[in-house]
Every structure is written in C-alpha cells, then in structure tokens.
Amino acid sequence: MVLASLPAWGGLGIQRLLVEFFALLALATMWNLLAGFAGLVSIGQQAFIGLGAYTTLVALDRLGLPPVVGLVVVAAVVGVIALVTSAFVFRLSGGYFAIGMWVIAEVFRIIVTNTRELGAGTGISIRSLASMPPPERQAMIYWLALAVGVGSIVVAALIVRSRLGLALRAVRDGESAARSLGVDVGRAKLAVFVVAAIGSAVAGAVIYLQLLRIQPTAAFGVDWTAKIIFIVVIGGLGRIEGPMVGAIVFFALQELLADQGSLYLVILGITAIAITLLAPNGLWGLLTSRFPIALFGIERRLVVDDSGPDPGTAAAAVAKDGQ
Amino acid sequence: MDWLNAIIQGVLLGGLYALLATGLSLVFGVMRLVNLAQGDLTILAAFLSLAIVEATGINPLVSLVAVVPIMMIGGYLLQRLLLNFTLERGVLPPVLATFGLAVILQNVLLSVYSADSQGLDAGSIERSSLRLTDQLAVGWLPLITLIVAIVILVGLQLLISRTGLGRSLRATADDPDAASLVGIDARHIYGVAMALALGTIAIAGVFLGIRTTFGPADGPVRLIFAFEAVVIGGLGSLWGTLVGGIILGVAQALGNQIGPGYQILAGHLVFLAVLVFRPAGLFARQTVRRA
C-alpha cells in the first residue's frame, strides 16, 4: 500500500530508482526460477530484455497501442520467440547451455544492428510517451514496474508451489531419477524457460519505457545478466526470497560504491565467487539457517524432536537406578 | 576469385579460432568444466605480452617464452585454489565461479589499461605474405597461426594418447573416483589440465593480439567464438575443434563477403544449424557420455 501510493508523495528521483529496483527484482526472480529451480543457467537473458525493449517500441510507436496493451503484446510475441529459441539451445546442457543462450542474444543484437527500421547500431527512441507530462508518465511507469516486480514474485511462488515446481526441483536434484519417476523433464524445463523469457521481456520493456532510448549494444548487453546473477547468488539461489534480499544488497552496494567504477564490479565478482563457494544458499540461506523464517511456505523443514531425554542423561538415570 | 580468396582467408582464420578453442575443449574433456573466463584469460595473455614487450622491447612472439609459463602456473594455481572446489557440486558453482572470474578479469584490466584498444607489433612478419597466384596471397602470420594450431593439437593428442600423464588424464576424465583408487591425484591432474589449457590460451592470446587490436572488454566475444568452434566440431574431440574452428572461420569470411555486418552473424547461423541438425557436433566421439 505504501509502495503503491508512492507517486502521490515521492519525488521523481526515488520513483526512477524504484522502477530500476523492481525491474531488476523481476529479472532476478525470473533468472532464479530458471537456474535455482530448473537448473538452467543462462547468461543470455539479455536476449529477452532487448527483445522486450524493441517489441515495446514496435507496439507503442508503430502500432499505436496503449502501454498496458503493449506489454501484453510484448509478452505474447516474446513467448513465441522463446519457444523457437528453445529448439536450438535445449540441445545443450550445463555450461554450454549458458553460452548457447549468450550466442542467441548476440544473434538478436546483430539482427537489430543490421535493421535500419529499428535504428540500427545507433539506437532509437520511444516517442509515443513523449507527449505525456513527466509526472504522469513517471507515475504510470512506476505502477507498471511495481506490478511487474510483485507479479514476478507471485508467479514464481505459484510455479514453485505447483506440481510443476515439484517436478522442477526433482529435475534439478537429479534429472535421470526424476525422469525415471515419470517427470516429463523437457516439458517442465520448457515451461519455465518460456515464463522466464516473458518475465524478462516485460521487465526489459519497463526499463526502456523509463529510459526512452534503446541502443542494441546496451539492451542486448551481457552486463544485465551479470547484475542479475550477482543479485540472485548474493541473495540466495533457489529461494523465492533470495532475489529480494540480493536486490536490496545490490542497490545498497551500488549507492555506496558507485564512484569506484570498475573496482565496484571487481568487488561484486569476488563476493559472488566467495558466496558460491562458502554459502551456496546466499544471505537468505544464512539467515534462515539461524532463524526459522519463511515468507512463502515452500520450504519443507525437518524438525527434530529433542524434548525427550538425550541418551547421555538417560544412561546416567539408568545408572542411578541401578545403585 | 573473391570467394575463393574468402574461403582461404577463412581457413586461416579458423587456425586462430582452433587455437582459441583448444583450452575450452581440453578442460571440458577432462573435467566437464565450462570455463566462462576463457575469453578473458586469452585477453589477459595478450596484455601480459604487451606488458613484457613494453618493458623489454622484444618481439611479442619472443615474449611467448615468458607468457606461456606464467599462464600455465596461473592455470594450475587457479584450478587448485579455486575451481577444484566448484567441481562435483552440480552445474551451477563452476559456471558462477568462472563467470565471476571473467567479470573480475575484465574490470581489473579496464582499471589498469583503460578501455583503449591495444595492439602487439610483431614487425615485418605481420605484413609480408606468400603469393600463390596473381590474385591470391596468403599472409605469413595467419599461415603460421594455423600451423601452430595444428602442431599444438597434434602435440596434445600425442601427449594424451602416448604418455603416462596422458593416461592419468584419460583415466581421471573417465572416472575420477576409480582413478584415485589406483593412486592418481585427481585434483593435481585437474590442475595439470588447466595449466595445459592456459598454455594454449597464452599462445592464442599473443597471436590474437598480433592479428587484431584488443581491449579489456573483448574477452566475451572470444569465448563465444571458441565455444562455437568446440560445439561445431563436437564436444571432447580435439580434431573436431580444429575442423570446427576452420568451419567457423570460413563461415565468417563468407558472411563478410556478403556484407561487413554479416561476418559474425554467418558464424552464429552455422553454429545454430549444427545445433539443430548435428547436436553432437560434426566429429563427436562415438562414446560421448549422455550428459
């Protein structure tokens, strides 16, 4: 409620920052769904961010659709493209799938760079929102971003709690075992792949509605995925709460270290490696191992009943009885 | 004649790509590790050579005597101190750790050398060429690169098939647990494999730096080309890597013949076509394990 009413009292600056926050949160949540639950590590999600940006441009400027309808069109178009993409990249597994997705992103980037109608390499501006007064436009984009951020978490939580989620975790923890138990591994992965692509595209659309200028090298840049990976790894891979924690930490670090330039990314890289090795469940994992919190009720926790006498005292009691 | 020339230049370019890809192929073959920092390590080797050339004034080709051992030692330490701890813990840790390493390398190079493009000057050999006919000429440097790639691949193949170390490498690749039962230290063998890989990467980096300009952000595209060469040729096959590199080089040269914007795209399209029609690669070993 507080977040939804923000445009009424918050300045444009904080709104812009939060749009970025919610968009990255949505991107990280989608990546977490892919990597943390389906075991599909992609370093090419920028393919869908860029596609989201450019389909938004076409939907709004060329077809003249209103923004919300435009986002629905973006979701549908990118969903179809993701299905076609899967026919190629699903031939690869593990680390090779990761790079394969990167090649896909590069292919889209080069196609856009060679298309004059989309502004080629120099980029293009989204014009149809330019006539809106800035406060109204910013408020609309803010609400879209909030909806996308919250929506992505709701979708991820629903998927993880569903039969599909159960199947996915079975696949992640042992693909051949899951297959032998009758899980349709290919379908489960494909479903998540398409959902994650759509989510990333809509988040990309929101980002570029705010920036208003799309440039292929930036929109299809691997930096997006680098940020996303850090957010998920730092927060907690395979936990719905992970990306939220990670996004907060990421934005805090960004504010603290922004003027450090490339050193900031070096620190992020070292942190990500350290967390991967030392705390594979991320900060959220560290937190929940101390305190039993769960925001979404998808964790199953083994509770050991230690209220009974432990063997030591029991033995002592027996010994006492014997005297 | 233009097209024939494009094919010849493409084959030669393929030599460089094979050189770039050998390390990736070797490391994947021995320990199923996909090294996402491969491209950035290649660029690191080029910068290392640049630093040596700037300090001593020697030819970059001569700097290989220092760059190769430094990269090999670095590779062994990288494997023993970091990457070994990511293995056998699922798909994610190695991918995340090497991706993190890639980001670190890019940004360290960026802060030391700025984003400017650099080049290695190997002297007259860069510009001299071998005349085949009146219209066809082959540059000495690309030709030497291709020959070096073939020599390295033959050498590695002999090392793996003929020597005791090669036997340990093969045994560890097949089954690290069984190998350790007969006294092979898998962690050490993985370190040796990474050292060999970074040795080839060092050579690739120096040849790349002589051939084209390079900057701190150029690693990813090198990784992608290396990866495409490996997949086109077939996972785990060193000869496949050579052929994959050459096919990629020819595809890019032909794409460039159509239009400068299509050079890289043509390579990607050939790669995607191979994925769909021959997902195991063109020269995959018969016994490739189902991953």
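Residue positions are given per chain, counted from 1 along the sequence in the order it is written. Chains and ligands are labelled by the order in which they are written, letters from A for the one and numbers from 1 for the other. The predicted origin of the model limits local features to residues at a pLDDT of at least 70 and limits the giving and counting of side-chain atom pairs to 80 or more, whereas totals for whole chains, interfaces and linings rest on all residues.

### So, the overall build of chain B
Tallying secondary structure elements over chain B gives 11 helices and two strands in all. Put simply, DSSP H or I for four residues or longer makes a helix, DSSP E for two residues or longer makes a strand, and each gets a number counted from the N terminus. Start at the N end of chain B and walk to the C end: the helices and strands fall as α-α-α-α-β-β-α-α-α-α-α-α-α. Its C-alpha atoms give chain B a radius of gyration of 19 Å, within 12% of the compact-globule value 19 Å for 291 residues. With the C-alpha coordinates aligned to their principal axes, the bounding extent of chain B is approximately 60 × 50 × 35 Å. This radius of gyration counts C-alpha atoms alone. The globule rule is 2.2 Å times how many residues there are, raised to the power 0.38.

### With respect to the overall build of chain A
Scanning chain A for helices and strands turns up 15 helices and two strands. Working definition of burial: number of other C-beta atoms within 10 Å of the residue's own, with buried at 20 or more, exposed at 12 or fewer, and partly exposed in between, all C-beta atoms being placed from the backbone. Out of the 323 residues belonging to chain A, those deemed buried represent 47%. A sequence separation of at least 24 residues applies to 77% of the contacts in chain A between residues at least 6 apart. Any two residues are considered in contact once their C-beta atoms, placed from the backbone, lie within 7 Å.

### Description of the packing of helix H3 (residues 60-81) of chain B against helix H8 (residues 186-211) of chain B
All names here are of chain B. A fitted line through C-alpha atoms serves as each axis, taken over the contacting stretch for helices, and the angle formed by two N-to-C directions is quoted from 0 to 180°. For the pair H3 and H8, interaxial distance at closest approach is 7 Å and the crossing angle is 150 degrees. Considering how the two elements wind past one another, H3 and H8 form a crossing that is right-handed. Gly counts as polar in this scheme, as do all residues outside two lists: the nonpolar Ala, Val, Leu, Ile, Met, Phe, Trp, Tyr, Cys and Pro, and the charged Asp, Glu, Lys and Arg. Looking at the contact of H3 with H8 residue by residue, the classes come out as 19 nonpolar, seven polar and two charged. Each crossing gets its hand from how the near helix is turned against the far one by less than a right angle, where anticlockwise is left-handed and clockwise is right-handed.

### Regarding the interface of chain A and chain B
Contacts between chain A and chain B engage 35 residues on the former and 36 residues on the latter. Taken together, the elements giving at least two residues each to the side of chain A that touches chain B come down to helix H4 (67-89), helix H5 (95-113), helix H11 (223-235) and helix H13 (262-278) of chain A.

### Structural notes on the nonpolar core
The term nonpolar core means buried Ala, Val, Leu, Ile, Met, Phe, Trp, Tyr and Cys residues held together as one set by C-beta atoms within 7 Å. Among the nonpolar cores identified, the biggest contains 207 residues, and Ala23, Ala145 and Val206 of chain A together with Ala193 of chain B are the most heavily contacted of them. Sorting elements by how many residues they give to this core places H8 of chain B first, with 17 residues. What valine 206 of chain A contacts, discounting residues up to four positions off in sequence, is Val19, Ala23, Ile141, Leu144, Ala145 and Val148 of chain A.

### Focus: the environment of valine 150 of chain A
Residues and elements named next belong to chain A. Among the secondary structure elements, valine 150 is positioned in helix H6 (residues 134-161). Classification of valine 150 by C-beta neighbours within 10 Å gives partly exposed; the count is 15. Expressed as a C-alpha distance, the spacing of valine 150 and valine 185, which sit 35 residues apart in the sequence, is 28 Å.

### Looking at helix H10 (residues 238-258) of chain B
Residues that lie three or four places apart on an α-helix share one face, since the helix turns once every 3.6 residues. The span one expects for a helix is its residue count, reduced by one, times 1.5 Å. Here H10 of chain B contains 21 residues, and its C-alpha end-to-end distance of 31 Å stays within 8% of the 30 Å for a straight helix at 1.5 Å per residue. Counted residue by residue, H10 of chain B has 15 buried out of 21 residues, so it is predominantly covered.

### Considering the environment of glycine 13 of chain A
Within the secondary structure, glycine 13 of chain A sits in helix H2 (residues 12-38). For glycine 13 of chain A, a count of 9 C-beta atoms within 10 Å puts it in the exposed group.

### So, helix H9 (residues 219-233) of chain B
All names here are of chain B. Given a rise of 1.5 Å per residue, 15 residues ought to cover 21 Å, and the 21 Å separating the end C-alpha atoms of H9 matches this to within 8%. Burial runs high along H9: 14 of the 15 residues are buried. Phi for glycine 234, located one or two positions after H9, is positive at around 115 degrees.

### Let's talk about the confidence of the model for chain B
pLDDT is defined as a per-residue confidence score from the predictor, taking values between 0 and 100. Counting all residues, the mean pLDDT for chain B is 87, and 96% of those residues have values of 70 or more. In the predicted complex, the global pTM is 0.85; the interface-specific ipTM is 0.83.

### Looking at unusual backbone geometry
Residues other than glycine predominantly adopt negative phi, and peptide bonds predominantly adopt the trans conformation. The phi angle at alanine 120 of chain A is positive, at roughly 50 degrees, despite the residue not being glycine. Residue position: alanine 120 of chain A is located in the loop between H5 and strand S1 (124-125). What makes alanine 120 of chain A partly exposed here is the crowd of 14 C-beta atoms within 10 Å. Phi is positive for arginine 32 of chain B, close to 55 degrees, though the residue is something other than glycine. Checked against the element boundaries, arginine 32 of chain B lands in the loop between helix H1 (2-31) and helix H2 (38-56). Overall, the presence of 18 C-beta atoms within 10 Å leaves arginine 32 of chain B in the partly exposed class.

### A short note on the packing of H2 of chain B against helix H4 (residues 92-113) of chain B
Residues and elements named next belong to chain B. At their nearest, the axes of H2 and H4 sit 9 Å apart, and the two run at 30 degrees to each other. Taken together, the axis directions place H2 and H4 in an arrangement best described as roughly parallel. Crossing hand, H2 versus H4: left-handed. Across the interface between the two elements, Asp40, Leu41, Ile43, Leu44 and Phe47 of H2 pack against Ala102, Leu105, Gln106, Leu109 and Tyr113 of H4. Here the residues of the contact of H2 with H4 sort into eight nonpolar, one polar and one charged. For classification, angles of less than 35 degrees are called roughly parallel, those exceeding 145 degrees roughly antiparallel, those between 65 and 115 degrees roughly perpendicular, and all remaining angles oblique.

### Examining the confidence of the model for chain A
When pLDDT is averaged along chain A, the result is 82; 88% of the residues meet or exceed 70. Predicted confidence for residues 308-323 of chain A stays below pLDDT 50, and this span has one contact to residues more than four positions away or in other chains.

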